[in-house]
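Analysis of the macromolecular model
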Amino acid sequence: MQVNLPRRALLAITSYNEPFYANGSKTGLFYTEALHPYEALVEAGFEVDFASETGTYGVDEHSLSKDFLSEEDQKVLANPSHPFNVKLNTHLYKAEDLNPADYGLFFASAGHATLWDYPTARHLQHIAEDIYKRGGVVSAVCHGPAILPGIMDSTTGKSIIAGKKVTGFTTEGEEMLNLLELIKSANVATIEEGAAAVGAEYVAPPTPFADFTQTDGRVVTGANPASAKSTAVDAIKVFSSL
């Protein structure tokens, strides 16, 4: 293990929380896409801090459906004293107030909201850039990879995913959810489009909602909500191998 890599992770949270779905409900943080990585990181002995670009967040209302929550997830959601909820609701940092040197691993949680704010979230991106420059791990799940094109590799001047294989939520999945036209009408890039724009190779999961991850060097990505825990586990494996 390199001495300049603290066993401390920054879990990035989207700050965008506006109406998105056809029924008028809001997008925002997809709850389990932060909860499951948090649980995996804590279990692996990491200290975990939460930050968004603005220091604020809102939850994706669809992510609280029982379709997306196991019984254990529902128990956590219902318990305001659970450490995850305490951190999220009372200790969410503004990214620019943090010292990047405190962290050795960056994990971008998701929700469709990330398509709006992650591409220009320069303070979150700066933290990830610093971690990567010091030899640390950068990871993201589902729509979280929207942040990756803007994270620059100081040695190449290009995105850290240029020439790398990455995954994330599929355009096919957007079509299945009847959300692709909403995304296009908002003029934001899909995960596949964002990856292609910086010369990354997008790798699709076998089906849009299958648990699927991709590791390429010190960049670890996952495809969808079902992949949130496994993405974190794989990121931890890479970190442990450094």
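Summarised in this report is the structure supplied together with it. Going along each chain's sequence as written, the residues are numbered from 1 onward. Restriction of local features to residues with pLDDT of at least 70 applies here, the model being predicted, together with a cutoff of 80 or more for giving and counting side-chain atom pairs; totals for whole chains, interfaces and linings are based on all residues. Computation of side-chain values covers all heavy atoms of the structure but excludes hydrogens and water.

1. Quick look at the nonpolar core
Our working rule: In this description, a nonpolar core means a group of buried Ala, Val, Leu, Ile, Met, Phe, Trp, Tyr and Cys residues linked to one another through side-chain atoms lying within 4.5 Å. Per-residue accessibility, obtained with a 1.4 Å probe over protein chains only, is compared with the maximum for each type, and a residue is labelled buried under 20%, exposed over 50%, and partly exposed between these values. The way it works is that DSSP assigns letters per residue, a run of H or I at least four long becomes a helix, a run of E at least two long becomes a strand, and they are numbered from the N terminus. By definition, residues are in contact when any of their heavy atoms lie within 4.5 Å.
With 35 residues, the main nonpolar core has Phe106 and Leu124 as its most contacted residues. Contributions of two or more residues to this core are made by β1 (8–12), β4 (105–108), α5 (122–133), β5 (137–141) and α8 (191–197). The dominant element in this core, judged by the number of residues it contributes, is α5, at five residues. For leucine 124, the residues in contact, after removing those within four places along its chain, are Leu10, Ala12, Ile13, Ala51, Ser52, Glu53, Ala95, Phe106, Tyr118 and Ile147.

2. Re the packing of aromatic side chains
We count it as follows: In this analysis, rings of Phe, Tyr and Trp, with Trp reduced to its six-membered ring, are considered paired at centre separations within 6.5 Å, and the interplanar angle assigns stacked below 30 degrees, edge-to-face beyond 60, and tilted for intermediate values. Throughout this description, the term charge over a ring refers to an Arg CZ or Lys NZ atom that lies within 6 Å of the ring centre and within 35 degrees of the ring normal.
A full pass over the atoms with the stated rule returns 10 aromatic pairs. Plain terms: the ring middles of phenylalanine 46 and phenylalanine 239 are 5.0 Å apart, the flat faces sit at 65 degrees to each other, and that makes the pair edge-to-face. Here the residue phenylalanine 46 occupies a position in the loop between α1 (32–43) and β2 (47–52), and phenylalanine 239 occupies one in helix α9 (residues 228–241), the gap between them amounting to 193 residues. The same class applies to phenylalanine 46 as to phenylalanine 239, namely buried. Here a set of aromatic residues connected by ring pairs shows up, and it is made of Tyr16, Phe20, Tyr21 and Trp116. Taking NZ or CZ as reference, arginine 218 lies 4.0 Å from the ring centre of tyrosine 132, over its face.

3. Let's talk about the pairing of strand β9 (residues 219–222)
We apply this condition: We treat two strands as partners when DSSP finds at least two bridges between them.
The two faces of β9 match: Val219 and Thr221 on one face and Val220 and Gly222 on the other face are all buried. Sheet topology note: the β5/β9 ladder contains four bridges and is parallel. Looking at β9, one finds that alanine 140 is bridged to threonine 221. Between strand β8 (residues 213–216) and β9, which pair antiparallel and follow one another directly, the connecting turn spans two residues, one of which, glycine 217, has a positive phi of 65 degrees.

4. Concerning the pattern of salt bridges
For the record, the criterion: Salt bridges are counted wherever a side-chain nitrogen of Lys or Arg sits within 4 Å of a carboxyl oxygen of Asp or Glu.
A complete count under the given rule lists eight salt bridges for this structure. For the salt bridge of glutamate 96 with lysine 94, the shortest nitrogen-to-oxygen distance reads 3.2 Å. Under the relative-accessibility criterion, glutamate 96 is labelled partly exposed at 40%. The partly exposed category is assigned to lysine 94, whose relative accessible area is 34%. Across the pair aspartate 130 and arginine 134 runs a salt bridge whose closest N-O atoms are separated by 2.7 Å. Several salt bridges share partner residues, and in doing so they unite Arg8, Asp49 and Lys87 into one network.

5. What about the sheet that holds β9?
Convention followed: Only C-alpha atoms enter the line fits that serve as axes; for helices the fit covers just the stretch in contact. Angles between N-to-C directions range over 0 to 180 degrees.
The strand order across the open sheet formed by seven strands is β3-β2-β1-β4-β5-β9-β8, and the pairing between neighbours is mixed. Whereas interior strands pair on both sides, the edge strands pair on one side only; in this sheet they are β3 (92–94) and β8. Between one strand axis and the next, the sheet turns through 25 degrees on average, direction left out of account. With five bridges joining them, β1 and β2 adopt parallel strand pairing. Within the sheet, the bridge partner assigned to alanine 12 lies in β2 and is alanine 51. In this fold helix α3 (residues 83–90) packs onto β2 and β3, with an angle of close to 35 degrees to the strand it touches most, β2.

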